Amino acid sequence: ARIPRGKVITTARGSSTGELEGHASSRLPPQPCSWGQSSDLLSRIDLDELMKKDEPPLDFPDTLEGFEYAFNEKGQLRHIKTGEPFVFNYREDLHRWNQKRYEALGEIITKYVYELLEKDCSLKKVSIPVDATESEPKSFIFMSEDALTNPQKLMVLIHGSGVVRAGQWARRLIINEDLDSGTQIPFIKRAMDEGYGVIVLNPNENYIEVEKPKIHVQSSSDSSDEPAEKRERKDKVPKETKKRRDFYEKYRNPQREKEMMQLYIRENGSPEEHAVYVWDHFIAQSAAENVFFVAHSYGGLAFVELMIQREADVKSKVTAVALTDSVHNVWHQEAGKTIREWMRENCCNWVSSSEPLDTSVESMLPDCPRVSAGTDRHELTSWKSFPSIFKFFTEASEAKTSSLKPALTRRSHRIKHEEL
């Protein structure tokens, strides 16, 4: 969500920066200053105006119903009473609070998509690491019942970086557009209809967060090292002035959030590690003769890293890879010549472009063909290229069966036909 210019902006730690909109006399210093230096400033602040900007508690509902939102029959998120789309600026000028509200809704959306994967798509949640002890941090992936036993085809889905989790392409699309464009559910359902087994990776679930233990420190006001003269000056601060000072501090730090620490999940501490782990423990063990990958954005980088670390195994099992606006770079990732050659034959990258779907797009990197996804919006590339990706996989599978090279794109297929 974008924050309008000129508004009060807050950092993740809770300290605010910027200025109070519409009040030239209310400019706040970028750094804390001593009480003596700031007393004149505080005397000029309109306390009543500041109070209007006081943050409500960061206490949000934990269900869609609590937010008074629901998904309609078209998969669109709408307000239960008004029927309106989601409103980010729920409280004017309270941008941090609005952002926290949006993030709280996003967590509910994540759980909602997990439920759809299990109930609507009949996938099962599988815990990782597979040999995890009861007390250690864990993550999970989703698989169809036949993911490891399907002898013919297996589809593996990898999303990009950020807040998205298993089953999602983009949280923003789920909230502002619909479930079809923002989730992997259409891919999963069509794949299962066409006889694929399915594995859904969860590459951003790399750690769990726990609250840091609190360390009790003696208050500086009780310290015997503080000069008596300074303590005496503090005690003589007028009541009204003290009220302004306390509120100023509250304004600078509206609500201090809990300090958290991260406990990383063994062998799954990054998207790249996660991809290799799932390959070793699941994909490599599958019976499928043809494995297909759909990888969006950073997921494409994770796939290339998997190839670098497991080149021979990947080449022996993977038939085709559909990348959607992938951010991989074969030079920076130091992918060797044999990997680049394999990618040219077996991968296609549907990139953000204003050109019509499947139009060839030039690339300066010597890896795989790039074609237009039919949209210039990065987060929409997977959804817009959806029909072309399944056609690409079908052609690759047929070509492998007939011992011919796969037609990499509709364009290359058309050229071959014209030449014939």
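- By the naming in an unreviewed UniProt entry, the chain goes by ARB2 cotranscriptional regulator A and is assigned to Loxodonta africana.

Re the overall build of the chain
Link 1 in the chain: The helix and strand inventory of the chain stands at 16 helices and 15 strands.
Link 2 in the chain: Looking at the chain residue by residue over its 420 residues, the buried ones come to 46%.
Link 3 in the chain: Long-range contacts, defined as pairs at least 24 residues apart, comprise 70% of the intrachain contacts of the chain with a sequence gap of at least 6.
Link 4 in the chain: A total of about 22,500 Å² of accessible surface is found on the chain, and carbon and sulfur atoms cover 49% of it.

Structural notes on the pattern of salt bridges
Pairing between side chains becomes possible if they bear opposite charge and their charged atoms approach one another.
Link 1 in the chain: On inspection of all chains with the given rule, the structure shows 14 salt bridges.
Link 2 in the chain: When the shortest N-O distance is used, the salt bridge between aspartate 131 and arginine 266 registers 3.1 Å. Taken as a pair, aspartate 131 in the loop between strand 5 (124–128) and strand 6 (139–143) and arginine 266 in the loop between strand 10 (260–264) and helix 10 (271–281) lie far apart in primary sequence, 135 residues in all.
Link 3 in the chain: Exposure remark for aspartate 131: the relative accessible area of 49% places this residue in the partly exposed category.
Link 4 in the chain: Note that arginine 190 is salt-bridged to glutamate 194, the shortest N-O span being 2.8 Å.
Link 5 in the chain: Taking relative accessible area as the criterion, arginine 190 reaches 29% and is therefore assigned partly exposed.
Link 6 in the chain: Glutamate 194 sits in the partly exposed class, given a relative accessible area of 30%.
Link 7 in the chain: Among the ionic contacts, a cluster of salt bridges with common partners joins Asp131, Glu136, Arg266 and Glu267.

Things to note about a nonpolar patch on the surface
Link 1 in the chain: On the surface, Ile208, Met261 and Leu263 cluster together into a nonpolar patch covering about 200 Å² of accessible area.
Link 2 in the chain: Take methionine 261: it is sitting in strand 10.
Link 3 in the chain: Exposure remark for methionine 261: the relative accessible area of 32% places this residue in the partly exposed category.

Points about the sheet that holds strand 8 (residues 196–200)
As a general point, the strands of a sheet are linked pairwise by backbone hydrogen bonds and lie either parallel or antiparallel.
Link 1 in the chain: Taken in spatial order, the 9 strands line up as 5-6-8-7-11-12-13-15-14 in an open sheet, and their pairing is mixed. The open sheet has two free edges, formed respectively by strand 5 and strand 14 (360–361), since each of these has just one partner strand.
Link 2 in the chain: Bridging between strand 5 and strand 6 involves 5 bridges; their strand directions are antiparallel. Across the sheet, lysine 124 pairs through a bridge with methionine 143, a residue of strand 6.
Link 3 in the chain: Of the strands in this sheet, strand 7 (153–158), strand 11 (290–296) and strand 12 (318–324) are in contact with helix 11 (residues 298–309), which crosses strand 11 at around 135 degrees.
Link 4 in the chain: Here helix 13 (residues 337–346) sits on the sheet and contacts strand 12 and strand 13 (347–351); the angle it forms with strand 13, its principal contact strand, is near 70 degrees.

Rules and cut-offs
- Position numbers for residues count from 1 along each chain, tracking the sequence in the order it is written.
- Local features in this predicted model are restricted to residues whose pLDDT is 70 or higher, and side-chain atom pairs enter the listing and the counts only when it is 80 or higher, whereas totals over whole chains, interfaces and linings include all residues.
- Each side-chain value is worked out from all heavy atoms of the structure, with water and hydrogens disregarded.
- Put simply, DSSP H or I for four residues or longer makes a helix, DSSP E for two residues or longer makes a strand, and each gets a number counted from the N terminus.
- Exposure categories follow from relative accessible area, calculated using a 1.4 Å probe and restricted to protein chains: below 20% of the type maximum is buried, above 50% is exposed, and the middle band is partly exposed.
- Note on contacts: a residue pair is in contact if any heavy atoms of the two residues lie within 4.5 Å.
- What sets the accessible areas is the Shrake-Rupley method with a 1.4 Å probe; for residues, cover comes only from the shown protein chains.
- We count a salt bridge whenever a side-chain nitrogen from Lys or Arg sits within 4 Å of a carboxyl oxygen from Asp or Glu.
- The patches described consist of residues with a relative accessible area above 30% and no salt bridge, like charges being joined within 9 Å and nonpolar side chains (Val, Leu, Ile, Met, Phe, Trp, Tyr) within 5 Å.
- When DSSP locates at least two bridges between a pair of strands, those strands are taken to pair.
- Axis definition: a line fitted to C-alpha atoms, limited for helices to the stretch in contact. Angles are taken between N-to-C directions and run from 0 to 180 degrees.

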